[in-house]
Amino acid sequence: NYLLNVGPTAEGAIPDLEAATLRAIGRWIEPHAEPIYNGKPVGAKCLGRDFVLQSGGKWYYFAFDLRISGHEHVTLAVGGAGPRRIQGLRKPIRAARWLDDGSPLQFAQNLDGGFAAIDLTGYPYGSNYVVRVAEIEFAADSR
């Protein structure tokens, strides 16, 4: 459980700002419910704060510190979109995509070396998430 430290007012209501924050968190959790509620750690290593969870035969890559993608005169190139490495992955990847919008992600894999790199794109303009989650599907014969 995650403690959000939100308490009611003297009248028993949740203040508007806190209620809006809780609704925004709920909207983020909705497409990410599977790995959040059912995900288990895997023996894979990522760089930085990134991590991977497994649920239902799929892996979920939680990516931190991405940047917003958009026109160079509107957005700043802050953060680190681009290839991110997963070490300890010996199953052939079939597909990877963002959970929030279903956008496909490109990847490269070295099964003998036990690693893969997934090209993580930035956030769509107008979004500002702390964490973005990619779903990794494996080839049918690799469980």
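What you see is a predicted model, and the numbers here were worked out from it, not measured in a lab.

## So, the overall build of the protein
Scanning the protein from N- to C-terminus turns up two helices and nine strands. What you see in the protein, going N to C, is helices and strands ordered as α-α-β-β-β-β-β-β-β-β-β. The buried share among the 143 residues of the protein stands at 31%. Within the protein, residue pairs in contact and separated by at least 24 positions form 54% of the contacts whose partners lie at least 6 positions apart. Accessible area for the protein stands at about 9,100 Å²; split by element, carbon and sulfur atoms hold 54% of it.

## A word on the confidence of the model for the protein
Considering every residue of the protein, the mean pLDDT works out to 84; 81% of them sit at 70 or more. Predicted confidence for residues 74–79 stays below pLDDT 50, and this span has 13 contacts to residues more than four positions away or in other chains.

## Re the sheet that holds strand S7 (residues 107–110)
Read from one edge of the open sheet, four strands run S2-S5-S8-S7, paired in antiparallel fashion. Strand pairing shows two members of the sheet lacking a second neighbour, strand S2 (45–46) and S7, which therefore form its edges. Note that S2 and strand S5 (residues 82–87) share two bridges and pair antiparallel. Following the sheet pairing, Cys46 is matched in S5 by Ile86.

What counts as what
Residues numbered from 1 in each chain as written. Predicted model: local features only at pLDDT ≥ 70, side-chain atom pairs only at ≥ 80, totals over all residues. Heavy atoms only, no water. Helix = DSSP H or I, 4+ residues; strand = E, 2+ residues; numbered from the N terminus. Buried < 20%, exposed > 50% of the residue type's maximum accessible area, 1.4 Å probe, protein only. Contact = heavy atoms within 4.5 Å. Areas by Shrake-Rupley, 256 points an atom, 1.4 Å probe, with all protein chains shown as cover. pLDDT = per-residue confidence, 0-100. Pairing = 2+ DSSP bridges.

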